[in-house]
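Residue-level structure breakdown
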Amino acid sequence: MQTQSDKLVVLVTKGIESELSSVAFTIANGGITAGLKVSVFLTSTGIDLVRKGGQRMTHVPPLDPLSSLIENFQQRGGTIWACPPCVTSRGYTQEDLLDGVVIVGASAMHAEIKEGAATLSF
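What comes next concerns the included structure. Nothing here was measured: the structure is a model prediction, and the numbers come from that model. (Residues numbered from 1 in each chain as written. Predicted model: local features only at pLDDT ≥ 70, side-chain atom pairs only at ≥ 80, totals over all residues. Heavy atoms only, no water.)

Before going further, it helps to examine the environment of Arg-56. With respect to the element layout, Arg-56 can be found in the loop between strand 2 (37-42) and helix 2 (66-75). The spatial distance from the C-alpha of Arg-56 to the C-alpha of Met-109 is 26 Å, given a sequence separation of 53 residues. (Helix = DSSP H or I, 4+ residues; strand = E, 2+ residues; numbered from the N terminus.)

Below, the structure written as structure tokens:
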């Protein structure tokens, strides 16, 4: 069972247009390295980060390419949630998103916070 001090939720509202998206996933990966259970909740233009091919459009040197950051995050057990209205408003469906991305409401994030998860927002 997870304890209060080993969870992190990262809220990302910035997409491929912002270097903060790369910063968010760099920090999320760092959380996994530190032993945290990390979840990323994407809203607004952050949804474009997990649209198939979208993450290949951003690379902020000296950070790793965004596509690598996201792939690494998922391979290491990170969870990515996508806001349902944000997905729908862009005309996307589950098939448009990277494998493993879960379209789910904010209640998933709130459940982690209620269990003591730390939060960061980008």
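Although it is not a glycine, Ser-44 sits at a positive phi angle of roughly 50 degrees. Tracing the backbone through its elements, the reader meets Ser-44 in the loop between strand 2 and helix 2.

Another point: the side chain of Ser-39. The residue Ser-39 is located in strand 2 in this model. Among the residues examined, Ser-39 registers a relative accessible area of 2% and is labelled buried. For Ser-39, the contacting residues outside a window of four places in its chain are Leu-8, Val-9, Val-10, Thr-79, Trp-81 and Glu-112. (Buried < 20%, exposed > 50% of the residue type's maximum accessible area, 1.4 Å probe, protein only. Contact = heavy atoms within 4.5 Å.)

A word on the sheet that holds strand 3 (residues 79-82). If you walk across this open sheet you meet the five strands as 4-3-2-1-5, and the pairing is parallel. A single partner strand is all that each edge strand has here, and the edge strands are strand 4 (102-103) and strand 5 (118-121). Bridge count for strand 1 (residues 7-12) against strand 2 is six bridges, and the pairing is parallel. Each residue of the ladder has a partner; that of Val-12, found in strand 2, is Leu-42. Against the sheet, helix 1 (residues 19-33) touches strand 1, strand 2, strand 3 and strand 5, its axis set at about 160 degrees to strand 2. Running over the sheet, helix 2 touches strand 2 and strand 3 and is turned about 115 degrees from strand 3. (Pairing = 2+ DSSP bridges. Axes fitted to C-alpha atoms, helices over the stretch in contact; angles between N-to-C directions.)

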